[in-house]
Amino acid sequence: IKQKAQSLEVNKDLAKKMQAMQGAMKELLEQKKEMQNQIVKMQKTVVNSKKSPSANTFLIIARWEKEKHDIDLEIKSPGGILYNFKNKTNNGEVAAFLVDSTKGPGVEMFKTGDEKSGTYEVKLKLYNTRGDNTTSKVELNVINAQGEKQVEQVILTPEKREKVIYINKKDYLK
C-alpha cells in the first residue's frame, strides 16, 4: 500500500510537470507567432515608408529559437558605418537598426540604406547564453518588396560565438 501511494504521488508529480511543460510550449508558440506577425507589420511599414524608396531598401533579419540566448546582429554598411544595438542610426541616414531582442526566442532587424549597390558585412554574435551552453541555430533572412529569402542558417556555440556573412545588395534588389 505504501509503495502504491508513493507511486501515485510520483505520477501526480509527473503529471504536474508535464502540464507545466505543455503550458510553457504553448506560450513559446504564441510568442513565436507574435514575433512573426510583428515582422510582417515591420516589413509592410518599411516597404511603404515614404522616407525610403522600397526599390532600394530591404530588411536583414536574424531569428533564433533558443530561449535563454542573446544573439547580436552587427551590420557594416557599404560605406563602412557600423550599426548595432548601441549605434542604431547615423545622422539622418535611411539605414537603421530596428529591433534588438535580448532573450530568445528572438529577432534582430536592420533596414538597409537607399544606395543601389554595395556589400553589407553581417556579423552574428552569441552575446550571452545565460548558462545554457548548447548550440543556437540562427536563421538569417532578407525581406524586400518581393518577399522573404533565406540567406543562411548559422550555428553558434560557446566555442564558436561569431559568424560573418556578406550580403551583396544587388543580389536582393529586383
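Now for a quick tour of the structure. Computed from a predicted structure; not experimentally measured.

1. Focus on the side chain of Ser-101
Part 1 of the reasoning: The residue Ser-101 is located in the loop between β4 (96-100) and β5 (106-111) in this model.
Part 2 of the reasoning: Within the local environment of Ser-101, its side chain forms a polar contact with the backbone oxygen of Val-107, the two atoms lying 2.7 Å apart.
Part 3 of the reasoning: Leaving out residues up to four positions away in the same chain, Ser-101 has contacts with Trp-64, Asp-70, Ile-71, Gly-106, Val-107 and Glu-108.

2. Observations concerning the side chain of Ser-136
Part 1 of the reasoning: Along the chain, Ser-136 falls in strand β7 (residues 136-144).
Part 2 of the reasoning: Within the local environment of Ser-136, its side chain forms a polar contact with the side chain of His-69, the two groups lying 3.2 Å apart.
Part 3 of the reasoning: The contacts of Ser-136, once residues within four sequence positions are left out, are Trp-64, Lys-66, His-69, Ile-71, Val-154, Ile-155 and Leu-156.

3. A short note on the sheet that holds strand β1 (residues 59-64)
Part 1 of the reasoning: Reading across the sheet, the 5 strands line up as β4-β5-β1-β7-β8 and stay open at both edges, with antiparallel pairing between neighbours. At either margin of the open sheet sits one strand with a lone partner, and together these are β4 and β8 (147-156). Strand-to-strand twist of the sheet, defined as the mean angle between neighbouring strand axes without regard to direction, takes the value 15 degrees.
Part 2 of the reasoning: Summarising the sheet, β1 and β5 pair through 6 bridges and their orientation is antiparallel. Pairing of Ile-61 across the sheet is with Met-109, part of β5.

4. A short note on the sheet that holds strand β2 (residues 70-76)
Part 1 of the reasoning: Taken in spatial order, the 4 strands line up as β3-β2-β6-β9 in an open sheet, and their pairing is antiparallel. The two strands at the open ends of the sheet, each matched to only one other strand, are β3 (82-83) and β9 (162-168).

5. Remarks on the pattern of salt bridges
One side chain can pair with another of opposite charge once the charged atoms of both are near each other.
Part 1 of the reasoning: Following the criterion strictly, the structure yields 6 salt bridges and no others.
Part 2 of the reasoning: Between Arg-63 and Glu-139 there is a salt bridge; the shortest N-O distance is 3.6 Å. With Arg-63 in strand β1 and Glu-139 in strand β7, this pair connects stretches of sequence that are 76 residues apart.
Part 3 of the reasoning: Its relative accessible area of 18% is what places Arg-63 among the buried residues.
Part 4 of the reasoning: In this structure, Arg-63 and Glu-148 form a salt bridge, with 2.8 Å as the shortest nitrogen-oxygen distance. Taken as a pair, Arg-63 in strand β1 and Glu-148 in strand β8 lie far apart in primary sequence, 85 residues in all.
Part 5 of the reasoning: Here Glu-148 falls in the partly exposed class, since its relative accessible area comes to 43%.
Part 6 of the reasoning: Through salt bridges with shared partners, a single ionic network connects Arg-63, Glu-139 and Glu-148.

6. Topic: the nonpolar core
Part 1 of the reasoning: Counting 24 residues, the largest nonpolar core has Ile-60, Leu-73, Leu-124 and Leu-140 as its most contacted members.
Part 2 of the reasoning: Looking at this core, the elements with two or more residues in it are β1, β2, β6 (119-128), β7, β8 and β9.
Part 3 of the reasoning: Looking at this core, the element that brings in the most residues is β6, giving 4 residues.
Part 4 of the reasoning: Not counting chain neighbours up to four residues away, the residues in contact with Leu-140 comprise Ile-60, Ile-61, Ala-62, Leu-73, Val-122, Leu-124, Gln-150, Val-151, Glu-152, Ile-165 and Ile-167.
Part 5 of the reasoning: Of all hydrophobic cores here, the second largest spans 7 residues; its members include Met-35, Ile-61, Val-99 and Ile-143.

7. Here we look at the pairing of β2
Part 1 of the reasoning: Of all 7 residues in β2, 6 are buried, a share of seventy percent or more.
Part 2 of the reasoning: Note that β2 and β6 share 7 bridges and pair antiparallel. Residue pairing across strands places Asp-72 opposite Lys-125, the latter belonging to β6.
Part 3 of the reasoning: Linking β2 to β3, which pair antiparallel, is a turn of 5 residues; within it Gly-80 sits at a positive phi near 90 degrees.

Definitions and cut-offs
Residues numbered from 1 in each chain as written. Predicted model: local features only at pLDDT ≥ 70, side-chain atom pairs only at ≥ 80, totals over all residues. Heavy atoms only, no water. Helix = DSSP H or I, 4+ residues; strand = E, 2+ residues; numbered from the N terminus. Polar contact = N/O pair within 3.5 Å; in protein donor to acceptor, adjacent residues only side chain to side chain. Contact = heavy atoms within 4.5 Å. Pairing = 2+ DSSP bridges. Axes fitted to C-alpha atoms, helices over the stretch in contact; angles between N-to-C directions. Salt bridge = Lys/Arg side-chain N within 4 Å of Asp/Glu carboxyl O. Buried < 20%, exposed > 50% of the residue type's maximum accessible area, 1.4 Å probe, protein only. Core = buried A, V, L, I, M, F, W, Y, C linked by side-chain atoms within 4.5 Å.

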